[in-house]
Every structure is written in C-alpha cells, then in structure tokens.
Amino acid sequence: MSEELINSVQAMLKEETWTRATISNYTINNIKELANLLEKAKSEACTKEINEICTEHLSHTKDSIIALYLSGMISIEQKTLDNSNLITLVDIFEKNHKEPVVEYLCQSILEDDSDNKFAIRTLAHLYQSENKPEVWDLYEKLVKIDYSEAEICKILAEHYEAESDSKKAVEYYKKAILRYVNAKNMTAIKELWTKLISIIPLEIDFFELVKRKIAKTIGDDKTLTLIQELYNWYKDNKKWETAISLIKEILTLDSQDNWARKEIVECYREYYKNHSNLDEYIRASNLTQSYRDIFQAINDFEKHISFDVKHFVFHRNWGVGKITKVQNNELTINFGKKAGIHTMTLKMAVSALTPLAKDHIWVLKATNSREDLNKRVKNDKVETLKIIIKSFDNNCDFKKIKAELVPSILTQGEWTSWNAAAKKELDTNPIFGVNPNDISMYTVRENKITPEEKLSNEFKAQKQFFERICILMKFIENEETDKSSDLFAEMYSYFTAYLKNITKVNEEVLASYLIVQKLSSLDKMFAFPVKYTFSDIFNKIENPREMYELLKDKKNTTLREDFLSAIKMLTDWDDIYINMFPTVLKEMLIDELIEAGKEEKVKKMVIKCFENYRDYRNAVLFLFEKCRTKDWFVNSGISYEKQLITLINIIELTFFEITNHTNTTENKKINKNATKLLFEDGHLVKYMFEDDNIETVKRMYTLIDDIQDLEPDYKFSLRNKILEKYPSFKFHTSEEKPLTPKGVFVTAKKLKEKQQTAFNIQNVELPANAKEIAEAREQGDLKENAEYKAAKEHQHKLNVDLAKLQEELGKAIVFNPASITTAIVSFGTKVVLHNNDTNTDDTFTILGPWESDPDNGILSYMSPLGNAILNLKQGESKEFYINGKKKNYTVVSITAAEF
C-alpha cells in the first residue's frame, strides 16, 4: 500500500513538472489535498521515503509546490528546525498575493509547531496589513519566543498605552529597552529612557539595571546623558537623596564636570537648608573650589554636616552619644551614664566620631530598653532587617545581622526561630536585594522590584557557577515569575553559551548541557538547538567518576541524577554504571543492573571492591552497611569474617594515612564510619561470640589489639565482653603493652567544666580585659600608667591559661561509662586494696588526672599508684616501688564507680 502512495507522489511531481500549473490556480483546497496525502503517508509509515523523493526533486526543480510543502511539513513533524522549504513556499504565495493560502499554511505549521517564529511572524504581518485584532496576540507570542525582537515590544507597549493598560505598557517598554541595549541601539534606548522617566520615574532600581547593562554592553560613557536626564527629574521633584546619589554617579564618570559640581552643591543647599552651619561647612570642605578633589570634599562636607544638635555619633570607647551643643567649632556630646559628657573640637570630631542616623541600630540599642527592642524585633522582622542593613551603608551580610541582635536583643534560642523567617524575607521580599558585586551582602531597595528583577540581580551578583544554576531553577519554580522575561532569557543564555562550540567537556559544560536538556523537556519555549548528542558529550569526558563528583547539586538541582539518567540511554550503560558505582554509591545503580540481568557483573564488582579495599574504601563500607543481606551480595561468596576483617584493615589503613597527613579529612570520615559499623552497630561483637568459638575471639581480638591508634574505649569494651564470657582469657597486652590512650581519659562532667572555663576566658574575660586596656590607654602616658600595666599583665595570664586549657582539651578522650568492666582494675572502677605490709584495706576510685583527688580516695590512672595497679584482677597481688618505697597490695574487690 505504501508503495502505491509513493508512486502516486512521484507521478504528481512529474505531472507538476511538465504542466507547470500556475500559482494563480492554487487554493486552500489544493493545500488540504496535500495535507491529506501527508496524513496518509504517516499512517503508512512512508514519510521518510517521500521526503527523500521530494528532496531529490527540489535539487533540480526548486519551485515545486508539492515538494516544498511535503518536505517542509515532514521537517516540522520531525522537529529538524529546518524551515527553509516552507519559507520558500510561503514566499512564493506571498509574492503572488495569495493571502488566504499564506494564512492557511501558517496556521497549519503552528498546529504542529506552536512556537514556529517564521509562521508567527508571517501571520502577524498578514493580520497587521489587514488590521485584524488577532495581531496583538501573535505579537505577544512572538516576543515571548524571540528574545531579540525589540521593535515589536515597543509596538505592543504603545498599543497598550493607547488602550490605557499601563501595567502592560510598562512591561513591554521595559522589554523593549533591554533588547535595544543588547542590540546596542542607542537612539532607541534614549527614546525609551525618556518615555520610562515620564511614566515610572520612581523605579530607580530598573534604571540602575539598564544603566549597568549599557555600561557593560556599550560603554560607561554612553550612560552619562541618560543619568543626567534622570537626575533632572529627581531634582525638579525635590527628591534630594536620590538626586544627590545620581549626581555622584555623574561625578564618578567625570570628576572634572563643573556642571555636576555646581549641581551637587545646589542639592546639598536644598537638602540641608535648615542646618545651622550649612554655609560654614560648604566653605570648610571646599566643595565649590575646583582645585579640591570632589570626593574628598564630599566626604568632608557630609561628615561636618552630620554634627548638629540632637544628632547621634559613635566613639569606639565611649559608645553612642548625642550632640547637645554646637558652639564656636566645639561640640558637647552626652555619652550616657557610663562615659558621661565630653567636649571636643569639630576637627577632632571628624576623625574620632562616626555620625549615626537616628534610626541606626546602635542608636536604638542605646536609647531603648532590651525588653522593648526584643518585642519589636520579634513582631516586625522586615523592619528590623531594614534598620540593620541600612545602618551599615545599606550593605550588610547575615553574620552582621546576627551580631547586632544576639545576645544584646535576642537570646540564642530566640535567634534560632527568628533567623529562618528572616532569611525567607530576605530571599523572597522584593524590598530586599543583594549587592551586585557580592551575593552575601544584602541591600534595601527604595521601591519594590519584580521577582524577575530580584532573581536576575542575584544571578549577576553570584559568581559561583552551580549557585547560578540554583537561581535559574528558583526562577523556573517560582509561580510568580514570567518565564518569557528577557531577564530569564539572559540568565538562560549564560548556560546555552557553553554549548555552542564544545571542544572539551568540563563540569560546567556538562552541567549546562544537562540543565538545558532538562528545561527543553519541560517546555518548548526553553528549547535550544544543541548540535551535540549526549553520546558526543560523554565521549569527551576523560574520567566519568571524577566528573560525577565535580557536579555540585544544590537543594533544588538534580545534576548528578540527570547525569546518571542520561548515561542509562547509552548502549554500554551497564559497564559505565559498574565503573561509576564506587563513586556514586547509590543502590539505584545496582537495582537497575540486576533488573537488566547484569548480576554477574555486579558480583565481580563487589569482589573487586573487597579485594582492592585500599582503592574502594567507601564502596566497601556502603556495600557492607546497605547490601550485605541482598541475594546478589550473598551470592558473591565473600564470607562474613572477610567482610569484618576488611573493615578492620580499612580502620588501620586510614589511621596510618592520617598519621602521615594523607587525605586527612576524608580518611577521618572513613575511619569514623568503619569504626561505627564494627563497634557501635555491634557487628564485630555479634560475630565473635555467636558461635562460642574461642579461636574466633582470639583471632578477631588480635587484629583489633594491633591497631595502635584505635580509641582505647573500644578495646576496653571488647576486653570486658571477652572476660565476661571467658574469665580466664589471657591478654598479651596486660604484660607487654598496657592499654593506655595517647590522649587523656576524662569524664563528661569534668570536660564540660573545662570547656566552660575556656569559653569564659575567651568570650567574657578577654573581651572585658581588652576594654580595660582601651580605657586605660585613653588616660595617656603608658609608661607611668599603672592601670594599663596591670591590665596587660592580666591579659598575659589569661592568654597563658587559655592556651594551657585548649591544649588539655585537645587531648581529652571522653570515657564511656558503658564500657566499665569489673573484671580488671581500670578507669571508672572502685577498688578495695589490701596492704599486705600493714594488714589494712584502702579504697580508691580510678579516674583521670582532671578528677584526681587523693585526699578523697580518687586516683588518676596516670598516677604512680594508679598506673601500678591498672589491669590487675580480683585476688591478684603485686609488689612495686613508688619513690623508692616498696608497696605490696592484693586486690580485694572491683566494683563500678559512680561518677
């Protein structure tokens, strides 16, 4: 049947070739007949053959209507992104004024490819010429999918402005100016800049965005006239703070601009017109003198002007003060009860004092009770954040926010619940933004900005590649954002740029490919024509396991998972999964391999991991913990004892490498996990005692005992269990190498006391001492200053005490009371000793040097007597010498001590 259809198409093409039916005879019905023929070809699965026939026919008959239509529509169906035949076809009908056919063709194309730019643009042009209202929907659709289209954005803006739809008008004017910036069309930019000043002058953040883009795309000098025009509006409308800020920008671009210098003086005169010393401070700062550096003059003026009656200031030793009097270049300042009233010259004030706004957080803390501020901070997080951020030049990170609130206003507990809500406000509230040069620094905006602008600003401020992916996904997941926004397109293009000419694949190229493919699958509007397949990309990756680790997933990204899913589509995916498992460590990989009938490969991989545990440490731990009961693991033939011995070997190996400073952090983590599996999870003890085989106990204990760096607590506990099961068990360690740690055993209670002492010295006593030193220094003449010398001596003692404490804490090993054994004299036991020389009994509790109190019967296990009786059993006797004196004791009883 398909052969008959193919022959029919060939006959039609031949007939068309010889008869050359004129274009004027073509109607929509003729196109519909061709459409029906194409549907039949699809049902008979012969579109490929027909496309080949049409392509060959077009090689010598370029204007064949039949071939152009069939080949063009098949290309659309196959999503080849090749519109050339349809463009030629439509052009033929347009030139011959067959508008109904053109309209039908465009609509047909859009049925199969709703975002086809050529069809939308052609249809829109047709509707515009016929003055049809449908043109506006088409224009809107076109600017959503064609991010370079600026002129139609402008046409839409003018249309909606005429329709009194100001919201949409502003939206499209914004799109238009941003696109004109990308096109470097300064004439159009200036026109729309003027228009936007007339309708949204207060959206200063958007104007700043445009200005930054112009500076980056075209050049700083092109922004000068634009800023001047915006400045004029703010000046005319007496919005002096913003006007001053804008004129400073102009001076930054041209510090020799005399017009701008005169303008800033005029702005200052208006802004501070009620200040009593305005003229004097303008004169003193030389603001009007061209020989003075303008920014030094501005700095001097703004400092001087801040010193007026009722204004607040900050002194590094006296704290916050309020100016109570200004007379004859002299200030009188009240610093409160602690520092009192001070008088200083204006010149000294400029260098010694920092002006503070009345709503500065330091002023609020100095003039309000803690209770009132606590209530205020808890009830209004947004206002609190605004106050703190603005207090530090509108540029403040979250650490600084915490430092201003804890503990002076909020307790640590109150902060824990407060900060989560505060972070959410900073992340979502449009009144907050970030510093364009530092993502960690927050700012407060004069006006709310759109979610698109907020995320775009964060994207530009963020310098880390994978954090930028996180922001892109936040844009996608936010229901309020416009995904057709130019700001999103700009962010998206950052990643698509990585895919244009790939010569080498690094983690950024791979991540870009994965994220673009993911978004393309979510919506056709995100489709990007990548000319490389994943196979092409993967073949350029030198080390897939290393690449997997280099992909950094954030809370809302799944790059690693997407990488593995893409690998599954390759023909040799099973071998790749086997190779990658020791790095990926996900059961999902093994489950898919088993499901695909690759169990033999999995078993070989498991055996390889255990035999080469030096190279596959994490894989061994993962397999033991997660998979040892699975059938395929059991069938691999690795005995349980071999599994445990491999874990022991890993512990010993990691201790060796830690000692030699090799991959210390990773080895500590592996060591901790292996130790947990063996001891804390009970696998070793269970295996040693389940068959009541003393040879197994000896064999396994010997391996453990040979690990010199293992925490003695684990050895103590294991020895205790052995003695409970086998009371006569002989440990070679009792005579040959006493079981003592490299550090110092301590009780948890004593450790906490020492830690608190160290904390108090570091966080209470030293800061208080530093304040004493500063206050003593203020008194002058340090040589004869007794208070200064005493404070410095105290500082030295505190530092010595702290260093000693920190050294001791570094050696501390917290003893686990659960490991106490009464089978031998050891840490945590209460011992009754019979003095064989005096025929009397002595009772001692064996603890550590921190707890030692001989007068009350508490011995350190490190003391001469404590060390001498360590490891003795009940009934055993021992003679030894301490300080030249002979001692002879017999152990009467051993019980667990209470501590």
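Residues numbered from 1 in each chain as written. Predicted model: local features only at pLDDT ≥ 70, side-chain atom pairs only at ≥ 80, totals over all residues. Heavy atoms only, no water.

**Some thoughts on the pairing of strand 7 (residues 438-444)**
1) Next: Direction of pairing for strand 6 (residues 432-435) relative to strand 7: antiparallel, over a ladder of four bridges. Bridging across to strand 7, valine 434 finds its partner in tyrosine 442.
2) Next: A loop of two residues connects strand 6 with strand 7, the two strands running antiparallel in sequence. (Pairing = 2+ DSSP bridges. Helix = DSSP H or I, 4+ residues; strand = E, 2+ residues; numbered from the N terminus.)

**A word on helix 31 (residues 559-567)**
1) Next: Here helix 31 has its buried residues at Leu559, Asp562, Phe563, Leu564, Ala566 and Ile567.
2) Next: Looking at the buried residues of helix 31, the elements they touch are helix 26 (465-477), helix 28 (507-522), helix 29 (534-539), helix 30 (544-550), helix 32 (573-584) and helix 33 (587-595). (Buried < 20%, exposed > 50% of the residue type's maximum accessible area, 1.4 Å probe, protein only. Contact = heavy atoms within 4.5 Å.)

**A closer look at the sheet that holds strand 1 (residues 312-315)**
1) Next: Spatial ordering of the open sheet is given by 4-3-2-1-5, a layout of five strands whose pairing is antiparallel. Looking along the sheet, the strands with just one partner apiece sit at the ends: strand 4 (341-345) and strand 5 (354-356). When the angles between neighbouring strand axes are averaged without regard to direction, this sheet yields 40°. (Axes fitted to C-alpha atoms, helices over the stretch in contact; angles between N-to-C directions.)

**Overview of the sheet that holds strand 10 (residues 829-835)**
1) Next: Taken in spatial order, the five strands make up an open sheet running 12-11-10-14-13, and their pairing is mixed. Edge strands, defined here as strands with exactly one partner in the open sheet, are strand 12 (858-860) and strand 13 (877-882). Strand-to-strand, the axes of this sheet are offset by a mean angle of 45°, without reference to chain direction.
2) Next: In the sheet, strand 10 pairs with strand 11 (residues 840-847) via six bridges, with the strands oriented antiparallel.

**Things to note about a negative patch on the surface**
1) Next: Taken together, the side chains of Glu542, Glu546, Glu549 and Glu666 make up a negatively charged region of the molecular surface.
2) Next: Summarising the element assignment, glutamate 666 is placed in helix 38 (residues 664-680). (Patch = residues over 30% accessible without salt bridge, like charges linked within 9 Å, V, L, I, M, F, W, Y side chains within 5 Å. Areas by Shrake-Rupley, 256 points an atom, 1.4 Å probe, with all protein chains shown as cover. Salt bridge = Lys/Arg side-chain N within 4 Å of Asp/Glu carboxyl O. Lys, Arg positive; Asp, Glu negative; His and termini not counted. Charge placed at Lys NZ, Arg CZ, Asp CG, Glu CD.)

**Considerations on the packing of helix 4 (residues 65-77) against helix 6 (residues 99-112)**
1) Next: Relative to each other, helix 4 and helix 6 sit at 30°, their axes nearing to 9 Å. Judged on the interaxial angle alone, helix 6 and helix 4 are roughly parallel. Regarding helix 4 and helix 6, the two cross each other, and that crossing is right-handed. On helix 6, the residues touching Tyr69, Met73, Ile76 and Glu77 of helix 4 are Leu105, Ser108, Ile109 and Asp112.
2) Next: By residue class, the composition of the contact of helix 4 with helix 6 is five nonpolar, one polar and two charged. (Parallel < 35°, antiparallel > 145°, perpendicular 65-115°, else oblique. Left-handed = near helix turned anticlockwise from the far one by under 90°. Nonpolar A, V, L, I, M, F, W, Y, C, P; charged D, E, K, R; others polar.)

**Brief notes about the pattern of salt bridges**
1) Next: Under the counting rule described, the total for this entry stands at 49 salt bridges.
2) Next: A salt bridge links glutamate 404 to lysine 365; the nearest nitrogen and oxygen atoms lie 3.0 Å apart. Placement of glutamate 404 in helix 23 (residues 398-405) and of lysine 365 in helix 20 (residues 361-367) is noted, with a sequence separation of 39 residues between them.
3) Next: Given a relative accessible area of 5%, glutamate 404 falls into the buried group.
4) Next: Owing to a relative accessible area of 26%, lysine 365 belongs among the partly exposed residues under this scheme.
5) Next: Here glutamate 587 ties to lysine 630 by a salt bridge, and the two come within 2.7 Å at their closest N and O atoms. Of this pair, glutamate 587 sits in helix 33 while lysine 630 sits in the loop between helix 35 (617-627) and helix 36 (631-634), placing them 43 residues apart in sequence.
6) Next: Of the residues examined, glutamate 587 reaches a relative accessible area of 27% and is grouped as partly exposed.
7) Next: When salt bridges with common partners are traced through the structure, they connect Lys175, Arg179, Asp482 and Asp486 into a single cluster.

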